[in-house]
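Chains, contacts and geometry: an overview
The residues making up each chain are set out below.
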Amino acid sequence: MSMAVVGIIAGMALGFAGYFGGFGAFLLVAALGALGFVVGRFLDGDLDPGEFFRTRDREGRRR
């Protein structure tokens, strides 16, 4: 499935949540969608959990 189709589906889900559930439902769907995206990237191997906890030196380089 292309990223355009995924974007359309996500946009439609957010639209339905906002229309039928109000702004709170819209925020909930958006937050859970972002969480699902991060978990999916982690499970695909595109994201290393250590990237969130590495420190940087003064020049901005990762240690």
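This report concerns the structure included in the present document. What you are looking at is a predicted structure, and each value in this text was computed from that prediction instead of being measured. (Residues numbered from 1 in each chain as written. Predicted model: local features only at pLDDT ≥ 70, side-chain atom pairs only at ≥ 80, totals over all residues. Heavy atoms only, no water.)

**Things to note about helix H1 (residues 3-44)**
Since the α-helix advances by 3.6 residues per turn, residues separated by three or four positions end up pointing in the same direction. Taking 1.5 Å of rise per residue, 42 residues should cover 62 Å, yet H1 covers just 15 Å from first to last C-alpha, more than 12% shy of that figure. Phi turns positive, to about 90°, at Gly45, one or two residues after H1. (Helix = DSSP H or I, 4+ residues; strand = E, 2+ residues; numbered from the N terminus. Expected span 1.5 Å × (residues − 1).)

**Considerations on the layout of surface pockets**
Estimated volume of the largest pocket: approximately 210 Å³. Forming the walls of the largest pocket are Met3, Val6, Ala10, Ala13, Leu14, Val29, Ala30, Gly33, Ala34 and Phe37. In terms of residue class, the lining of the largest pocket is made up of nine nonpolar, one polar and no charged. (1 Å grid on protein atoms, 1.4 Å probe; cavity = no way out; pocket = protein on both sides within 12 Å on 5 of 7 lines; lining within 4 Å. Points joined across faces, edges and corners; volume = space filled by probe spheres on them. Nonpolar A, V, L, I, M, F, W, Y, C, P; charged D, E, K, R; others polar.)

**Side note on the packing of aromatic side chains**
For the structure on display, the rule yields three aromatic pairs. With centroids separated by 6.0 Å and ring planes inclined at 10°, the aromatic side chains of Phe16 and Phe20 adopt a geometry described as stacked. Residue Phe16 and its partner Phe20 are both found in helix H1; the two are separated by four residues, about one turn of the helix. Take Phe20: its relative accessible area is 62%, and that puts it in the exposed class. Relative to Phe20, the ring of Tyr19 lies with its centre 4.9 Å away and its plane at 85°, an arrangement referred to as edge-to-face. Just as Tyr19 is exposed, Phe20 falls in that class too. Here the aromatic residues Phe16, Tyr19 and Phe20 are joined through ring pairs into a cluster of three or more. (Phe/Tyr/Trp six-rings, centres within 6.5 Å; stacked < 30°, edge-to-face > 60°. Buried < 20%, exposed > 50% of the residue type's maximum accessible area, 1.4 Å probe, protein only.)

**Topic: a nonpolar patch on the surface**
Residues Leu28, Leu32, Leu35, Val39, Phe42 and Leu43 make up a contiguous nonpolar surface patch of about 610 Å² in total accessible area. Checked against the element boundaries, Leu32 lands in helix H1. Judged by relative accessible area, Leu32 falls into the exposed class, the value being 52%. (Patch = residues over 30% accessible without salt bridge, like charges linked within 9 Å, V, L, I, M, F, W, Y side chains within 5 Å. Areas by Shrake-Rupley, 256 points an atom, 1.4 Å probe, with all protein chains shown as cover. Salt bridge = Lys/Arg side-chain N within 4 Å of Asp/Glu carboxyl O.)

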